[in-house]
Structures are given as C-alpha cells and as structure tokens.
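Fold and contact review
Here are the chains, one letter per residue:
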Amino acid sequence: MERKRSIRRRQKQPFAERAKDHCRNFTAFMFSNVGIIFLVVLYMIAGAFMFIAIEGNEALERFAQIPSKRNETAMRLWQISCCEVNVFNKSVFEEKVGNEIRAYQEKIVLWARRGWQGSDITLESESPWSFSGAFLYSLTVITTIGYGNIVPRTEWGKIATIFYTIIGMPLFLLYLSNIGDILAKSFKWIYAKFCLCRVCPGVARRRAMRARRRARTEERDYSSERGDNGFDTNTVTTSNVDDEIEEEITAETNTVTVPITICIMIMIGYIFFGARLFADWENWDILDGSYFCFISLSSIGFGDIVPGASLQTKGDTKMEISFILCAVYLLLGMALIAMCFNLMQEQVIYKIRSLKKCVRGCFQCAKAVPIPIDESEN
C-alpha cells in the first residue's frame, strides 16, 4: 500500500510544472529539423494575413480620389481662364494658372511616393495585397530577396515590416542551417554508398590488398596462431579482419567528400528545372526562367522579373496554386544551395589539408636527402 501511494504521489505534478514541460517539448519540436519547416511556413502565412489586415484596401481608398482631384484641377483652370482673370492680362493669367498646376504637381509627386503607378484606381479595382501578393511579400522579406513590386505604404505597415524582418530573418537562417545540414549529410551518405560499394574498382582493389596483407600475416604467424590445445584461430582472425574492413569502410563513408563539380551540376540542374516550371506557370522563356531562378536563389532579387505576373485574374485557383508551388520551389532551392555550399566547403578544406600534407612531406624529403660533397675540391 505504501508503494502504491508513493507511485501515485510521484505521478502527480503541479499544473505549472506540467505546462512548463509541455511548452519545453513543443519548443524543442518546433525548432527541430522537422518543426522548423512548419514554423517557417506558418510564419509566412501569418505574415500574409497580417499585412492584408494592415494594408488591405487602404491603398485603393487613398488613390481612388486621384481622378476626382484631377477633374477639380481642370475645372479650376477653366474657371480661371473664363471668369476670374482676364486672359489678355498675361502676367496675372500665368501666375494663377502656374499656382494651380504647381499645386497639382506636388500632389502627383506625393501620390507617386506613396505607391501610385500612374493609372486610375477605383474602389472596385483589385488590391495588390491579395493572399498571393502578401505571401510573396512575406517570402521576399524573410529570404532577403526583396523584389520591390509590392511594398507597404502605410505607417503601420512599415513598422510591422521592420519587426517582422527582425524575427523572420534569424528564423529563416536557422531553417537554412538545419535543412542544409540534413540534406548535406543525406547526400554525402548516398554518394558514399554509391562510390564505396563492393563492385567499385577502387574498393575491390583495396579489398584485394587487404586480403594479400592478411594472407602474409597469417602465413608468418601461423605457428603462433595455433594454440597448444589444437584449436586453430585462423577463423577467428579472418572474422576480426573482416570486421575491421567493414569498420574502415564505414569510416570512409562518414569522411567522404563530394566533388565540387557534382555540387555545381546539382545547382545548375535545379535552376534549369525551375526554368522549365516557370516557363509553364508564368509563360516565360527558358532564358528568363533561368535568369529569375538564379537571381532569386542567390537572394539578389533585382525585381525586373517577378513571379505572380499572371495572377491578375481574380479567383483563379490554378494560378494561386502555381504561385504557392513557386514559393515552395524557392524555399527548397535555397536550402539546396546551402547544402551545396556546405559540401563544397568540406571539399575545399579537404584539398587544402591534402596540399598542406604534400608540401610538408616534400620539405621533409628535401631535408632527409644528404648533400653530395665534391671530392675534387679537396
């Protein structure tokens, strides 16, 4: 009875401790290799809804009054020329008309700075801050691509962008670090298993050399390997050598480096794969698609070619889905670029260490060679 009571007492924990454990486990999962992917995607979706709520139709309401202001300016000029000022008085007429035109130009400059593109906008026009546009903006902010085709115009939108970037950029860098490291280890394991398989000539040659070395060792130590009781330990020695060979192959699998040429081929292949996809989604040619993929994956983001140009039809589900797939392509592509950079860094470090050993060996050999003495001088 006392044992059951102690078990029951041990199982009961305060609510605060249990909540703390659940929060700790949830945080560890969200920042794990799997949870970081969902965290980045949820952060982008939350950012899209946040910018829609902040910006929304504010730009439409602000720019919808531009046609009426233009009409008011034209009417004012008509009143000046007809009723208020004598048109034959050139100086007064030019002063009045100049003041009205100058005031209208100042309004045009102010509207252009706030994002007006020069075309008439009404309240029935489609807002650039749709879900796809806001999702694109969130993607370009945390990935530091920054196309510039969609930008915040309100004060709260600019403040939200600052804080959203402060949190999103480290989160995305953590995503690149974790996912890039996982992809690098996985690809290196696959490459090692492919290059260190039993049918490869290099591995077969090394196995033959080990077999010959083992045969010479067994032949030289045959008398010592046979025990006094008549038990032959050759079988045990063979199994131990085989275990050592397998351990050596496993060590080579873990320390193998992927050539730089293969990493470059992977990046080029992924860029051409994206160019083919964007050629179908955005009606681009292969050159424009390749150019966009390279500029985006390298986080340069000039903004001269941007995705979503074909998303002008409101309510087109196919275009919306293709745009989401475009975002997935960019997320996976940047992780793939991080993987290739990781593998290329390992290859460069390996080459530098090998060169260092080679140079050190050359210096040691040069010191070991005796200097010949010319006997004719003596």
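Residues numbered from 1 in each chain as written. Predicted model: local features only at pLDDT ≥ 70, side-chain atom pairs only at ≥ 80, totals over all residues. Heavy atoms only, no water.

1. Points about the overall build of the protein
- A tally of helices and strands in the protein yields 14 helices and zero strands.
- Element order for the protein, N to C, with α for helix and β for strand: α-α-α-α-α-α-α-α-α-α-α-α-α-α.
- Residue burial in the protein is summarised as follows: out of 378 residues, 31% are buried.
- Residue pairs in contact within the protein that sit at least 24 positions apart in sequence constitute 73% of those at least 6 positions apart.
- With an accessible surface of roughly 25200 Å², the protein has 62% of that area assigned to carbon and sulfur atoms. (Helix = DSSP H or I, 4+ residues; strand = E, 2+ residues; numbered from the N terminus. Buried < 20%, exposed > 50% of the residue type's maximum accessible area, 1.4 Å probe, protein only. Contact = heavy atoms within 4.5 Å. Areas by Shrake-Rupley, 256 points an atom, 1.4 Å probe, with all protein chains shown as cover.)

2. A closer look at the packing of helix α3 (residues 35–54) against helix α7 (residues 131–142)
- At a minimum axis distance of 8 Å, the contact between α3 and α7 shows a crossing angle of 125°. In this view, α3 runs oblique relative to α7, as classed from their interaxial angle. The crossing of α3 and α7 is right-handed. Facing V40, Y43, M44, I45, G47, A48, F49, F51 and I52 of α3, the residues of α7 in contact are F131, A134, F135, Y137, S138, L139 and I142.
- Partitioned by chemical class, the residues of the contact of α3 with α7 number 14 nonpolar, two polar and no charged. (Axes fitted to C-alpha atoms, helices over the stretch in contact; angles between N-to-C directions. Parallel < 35°, antiparallel > 145°, perpendicular 65-115°, else oblique. Left-handed = near helix turned anticlockwise from the far one by under 90°. Nonpolar A, V, L, I, M, F, W, Y, C, P; charged D, E, K, R; others polar.)

3. A look at a nonpolar patch on the surface
- A surface patch of nonpolar side chains, about 700 Å² in accessible area, is lined by W156, I159, I162, F163, I166 and I167.
- Structurally, I167 is set in helix α8 (residues 155–195). (Patch = residues over 30% accessible without salt bridge, like charges linked within 9 Å, V, L, I, M, F, W, Y side chains within 5 Å. Salt bridge = Lys/Arg side-chain N within 4 Å of Asp/Glu carboxyl O.)

4. Digging into the environment of L277
- Of note, L277 is situated in helix α12 (residues 260–281).
- On the basis of relative accessible area, L277 is assigned to the partly exposed category, the value being 22%.
- In sequence terms L277 and G289 are twelve residues apart; their C-alpha atoms lie 8.2 Å from each other.

5. Some details on helix α13 (residues 286–297)
- With twelve residues, α13 should reach 16 Å at 1.5 Å per residue; the first-to-last C-alpha distance of 16 Å fits that figure.
- Of all the positions in α13, only G289, S290, F292, C293, I295, S296 and L297 are classed as buried.
- In the stretch just after α13, S299 is the one whose phi turns positive, near 60°. (Expected span 1.5 Å × (residues − 1).)

6. So, the UniProt feature "transmembrane region" (unreviewed entry) in the protein
- The feature "transmembrane region" (unreviewed entry), as given by UniProt, occupies residues 28–54, 129–147, 159–177, 256–279, 291–309 and 321–344 in the numbering adopted here.
- Annotated as 63% helix and 0% strand, the span residues 129–147 places its first and last C-alpha atoms 15 Å apart.
- Helix makes up 100% of residues 159–177 and strand 0%, and the two end C-alpha atoms of the span are 28 Å apart. (UniProt positions renumbered as here; feature names shortened; annotations may be inferred.)

7. Regarding the pattern of salt bridges
- Following the criterion strictly, the structure yields three salt bridges and no others.
- D280 is paired through a salt bridge with R276; the nearest N and O atoms lie 3.1 Å apart. Residue D280 and its partner R276 are located together in helix α12, separated by four residues, close to a single helical turn.
- On the accessibility criterion, R276 (45% relative accessible area) is partly exposed.

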